[in-house]
Amino acid sequence: MPEYGKETMATDADIFTGQVDLPRMRRQRYSRLQAEMGRRDIPALLVFGSGAVQYAAGPSVISADSGRASHLRTAALVLAGDDQPHLFTPDPEGAPPELVPDHVHPPLYTESDQGVADLADILSGLSPGGLDRLAVDDLSGPMYRLAPRVLEGTELVDASRLLGPARLIKTSDELGCIRHAQRINEVAMHEVQAALVPGIRQTELTGMFLRRAFELGATGNGIDPIWQVMAPTRKGGPYTTHGDVAFPLVTTDRVLADGDVIWVDTGVHYHGYASDFGRTWIVGHEPRATARQRDQYRRWRDVVTATLAEVRPGSTGSDLTAAARGVVGGQTPWLPHFYLIHGLGTESAEAPMIGTDMGPEHDAALVLQPGMVLVLEPVIWDDGYAGYRSEDIVAVTEDGWVGLSDYPYDPYDG
């Protein structure tokens, strides 16, 4: 298990009893957005992505399947200098209690031409002087087609350049929400792992996990739970364009068999903040890892330990990737279509991203700062024997890091 650094964030007691100050968290996030808008001279920010809306306005949103999500969207509009965001939602009762009534509006229907015209009228009414620039995170087809005409004179810019820096550093309340979400995830997983016996279906595990997570207080689910049976060889698994291991695959009603090696990945939310659980399990009434499997876990542990030794303010992404590669003879111990590290917040994977196809220049330019959240996700693969994958979450502190996850590695570390 990781040896956690000195605790500098919210206490476990605060987190477990829900003593996170949500209004304060929303105020601090909004101040960060306003500061970034001022720094970049952007008078308005319009966001539709669930994570971005959560960060900007903090609503409680009813989850919708993909067939309805584009139509029943919640959006947030931030105007420079305004004390509060404007929320556009089909669920006004989910608006934060401190949001004044005249900032809560019916939803925007930007999938239709009329809806885009209505949006232009709304923007004109809320900013009578006009907008020379509008940062947007997503454009529907009608928005893309009609914006040059209905928003004439307004330059549309990429909102990610504003949102990324604002969301990069987490406050103590944000860290408390992440840790609380992770605790819920892990407690639910104890029940699921105990039920991992031959004859159970993947979908049964999903039902068991979601029921328990919501009993424990989860406020949303961000990842369709993954219980992927790993083929021993790359060629034994599905074809991939990159030629490496296929992961993740959609969960089905597949019946699990004794000795199956499964890669697990789940993520539930607490007040908009994601958790991320990743482990490798073995199916069985009394599962035992072989000597080869325990060696895979040991090498994975060595990669994590070496990487964490470099986690401190001032270290770069390149320092971390070099440390990870250094303990496995210069190889790359993570999946090529993923990363060594990703961030976590209102999205299940957000900045910082380290070890991606953005290249070594990106990693060299990324400097760790206190408040960053890192999810370490290395993989050890021995073709012919499958492999080992787990995820650990830490937050960067003023002198190192503190762990936000705490689940055992059974049956590999026994």
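Residues numbered from 1 in each chain as written. Predicted model: local features only at pLDDT ≥ 70, side-chain atom pairs only at ≥ 80, totals over all residues. Heavy atoms only, no water.

Let's talk about the confidence of the model for the protein chain
Next up, step 1: On average, residues of the protein chain score 93 in pLDDT, and 94% of them are at 70 or above.
Next up, step 2: Low pLDDT, under 50, characterises residues 1-18; the stretch is placed with 37 contacts to residues that sit more than four places away or in other chains. (pLDDT = per-residue confidence, 0-100. Contact = heavy atoms within 4.5 Å.)

A short note on the packing of helix H2 (residues 22-39) against helix H3 (residues 50-57)
Next up, step 1: Put simply, H2 and H3 touch, their axes get as near as 7 Å, and they point 105° apart. With respect to H3, the element H2 is oriented roughly perpendicular. Touching Arg 26, Arg 29, Tyr 30, Arg 32 and Leu 33 of H2 are Gln 54, Tyr 55, Ala 56 and Ala 57, all from H3.
Next up, step 2: In the contact of H2 with H3, the residues fall into 5 nonpolar, 1 polar and 3 charged. (Axes fitted to C-alpha atoms, helices over the stretch in contact; angles between N-to-C directions. Helix = DSSP H or I, 4+ residues; strand = E, 2+ residues; numbered from the N terminus. Parallel < 35°, antiparallel > 145°, perpendicular 65-115°, else oblique. Nonpolar A, V, L, I, M, F, W, Y, C, P; charged D, E, K, R; others polar.)

So, the pattern of salt bridges
Pairing between side chains becomes possible if they bear opposite charge and their charged atoms approach one another.
Next up, step 1: The final tally for this structure, using the stated rule, is 27 salt bridges.
Next up, step 2: We note a salt bridge from Arg 24 to Asp 173, for which the minimum N-O separation is 2.7 Å. Here Arg 24 is found in helix H2, whereas its partner Asp 173 is found in helix H8 (residues 172-194), with 149 residues between them in sequence.
Next up, step 3: Residue Asp 244 pairs with Arg 234 through a salt bridge whose shortest N-O separation is 3.6 Å. Separated by 10 residues along the polypeptide, Asp 244 in the loop between strand S7 (220-229) and strand S8 (261-270) and Arg 234 in the loop between S7 and S8 bring together distant segments of the chain.
Next up, step 4: Among the ionic contacts, a cluster of salt bridges with common partners joins Arg 292, Asp 295, Arg 298, Arg 299, Asp 302 and Asp 382. (Salt bridge = Lys/Arg side-chain N within 4 Å of Asp/Glu carboxyl O.)

Quick look at the side chain of His 105
Next up, step 1: Relative to the elements of secondary structure, His 105 occurs in strand S4 (residues 104-105).
Next up, step 2: Among the polar contacts listed, one links the side chain of His 105 to the side chain of His 86, at a separation of 2.8 Å.
Next up, step 3: Other than its neighbours up to four places away in sequence, His 105 contacts His 86, Leu 87, Phe 88 and Thr 89. (Polar contact = N/O pair within 3.5 Å; in protein donor to acceptor, adjacent residues only side chain to side chain.)

Thoughts on the nonpolar core
Next up, step 1: Core analysis: the biggest nonpolar cluster contains 60 residues, and Leu 33, Leu 45, Met 189, Trp 227 and Trp 281 have the highest contact counts within it.
Next up, step 2: When residues of this core are assigned to their parent elements, the largest contribution, 8 residues, is made by H8.
Next up, step 3: Residue contacts for Met 189: discarding those within four places in its chain leaves Phe 209, Trp 227, Val 264, Thr 266, Phe 277, Trp 281 and Tyr 407.
Next up, step 4: Ile 223, Tyr 297, Tyr 339 and Ile 380 belong to the second-largest nonpolar core, a separate cluster that totals 43 residues. (Core = buried A, V, L, I, M, F, W, Y, C linked by side-chain atoms within 4.5 Å. Buried < 20%, exposed > 50% of the residue type's maximum accessible area, 1.4 Å probe, protein only.)

Examining helix H6 (residues 141-150)
Next up, step 1: For H6, the set of buried residues is Pro 142, Met 143, Leu 146 and Ala 147. Each buried residue of H6 sits inside an arc of 130° when the element is viewed along its axis, so together they form one side. Looking at H6, the residues exposed on the side facing more than 90 degrees away from the buried face are Tyr 144, Pro 148 and Arg 149.
Next up, step 2: Where H6 is buried, its residues contact helix H5 (113-126), strand S5 (133-136) and strand S6 (155-158). (Arc of directions from axis to C-beta.)

Some thoughts on the sheet that holds strand S11 (residues 341-343)
Next up, step 1: One open sheet holds the 5 strands; their spatial order is S12-S11-S13-S16-S17, and the pairing between them is antiparallel. Of all the strands in the sheet, the pair left with one neighbour each is strand S12 (350-354) and strand S17 (401-403). Across this sheet, the average inter-strand angle for adjacent strands is 30°, counted without regard to direction.
Next up, step 2: Sheet analysis places strand S13 (residues 373-376) next to strand S16 (residues 392-396), joined by 4 bridges and oriented antiparallel. Bridge pairing in S16 places Leu 374 opposite Val 394.
Next up, step 3: Against the sheet, helix H10 (residues 291-308) engages S11, S13, S16 and S17, with an angle of about 5° to S16. (Pairing = 2+ DSSP bridges.)

Section: unusual backbone geometry
Next up, step 1: Across the junction of Phe 247 and Pro 248, the peptide omega takes the value 0°, indicating a cis bond.
Next up, step 2: Looking at the element boundaries, Pro 248 is found in the loop between S7 and S8.
Next up, step 3: Cis geometry marks the peptide bond from Asp 410 to Pro 411, where omega comes out at -5°.
Next up, step 4: Within the fold, Pro 411 resides in the segment after S17.
Next up, step 5: Even without glycine at this site, Asp 41 takes up a positive phi of about 55°.

Focus on the packing of aromatic side chains
Next up, step 1: Counted by the stated rule, this structure contains 14 aromatic pairs.
Next up, step 2: Seen in terms of ring centroids, Tyr 388 and Tyr 412 are 4.7 Å apart; in terms of plane orientation they differ by 70°. Their pairing is edge-to-face. Here the residue Tyr 388 occupies a position in strand S15 (residues 387-389), and Tyr 412 occupies one in the segment after S17, the gap between them amounting to 24 residues. The burial state of Tyr 388 is the same as that of Tyr 412; both residues are buried.
Next up, step 3: Members of the aromatic cluster, joined through ring pairs, are Phe 209, Trp 227, Phe 277, Trp 281 and Tyr 407.
Next up, step 4: Here Arg 29 stacks its cationic end above the ring of Tyr 55, 5.5 Å away from the centre of that ring.
Next up, step 5: The residue whose ring lies beneath Arg 279 is Phe 277, and the NZ or CZ to ring-centre distance is 5.8 Å. (Phe/Tyr/Trp six-rings, centres within 6.5 Å; stacked < 30°, edge-to-face > 60°. Lys NZ or Arg CZ within 6 Å of the ring centre and 35° of its normal.)

Quick word on the side chain of Thr 171
Next up, step 1: Within the secondary structure, Thr 171 is located in the loop between helix H7 (160-168) and H8.
Next up, step 2: Exposure remark for Thr 171: the relative accessible area of 12% places this residue in the buried category.
Next up, step 3: Not counting chain neighbours up to four residues away, the residues in contact with Thr 171 comprise Met 25, Gln 28 and Arg 32.

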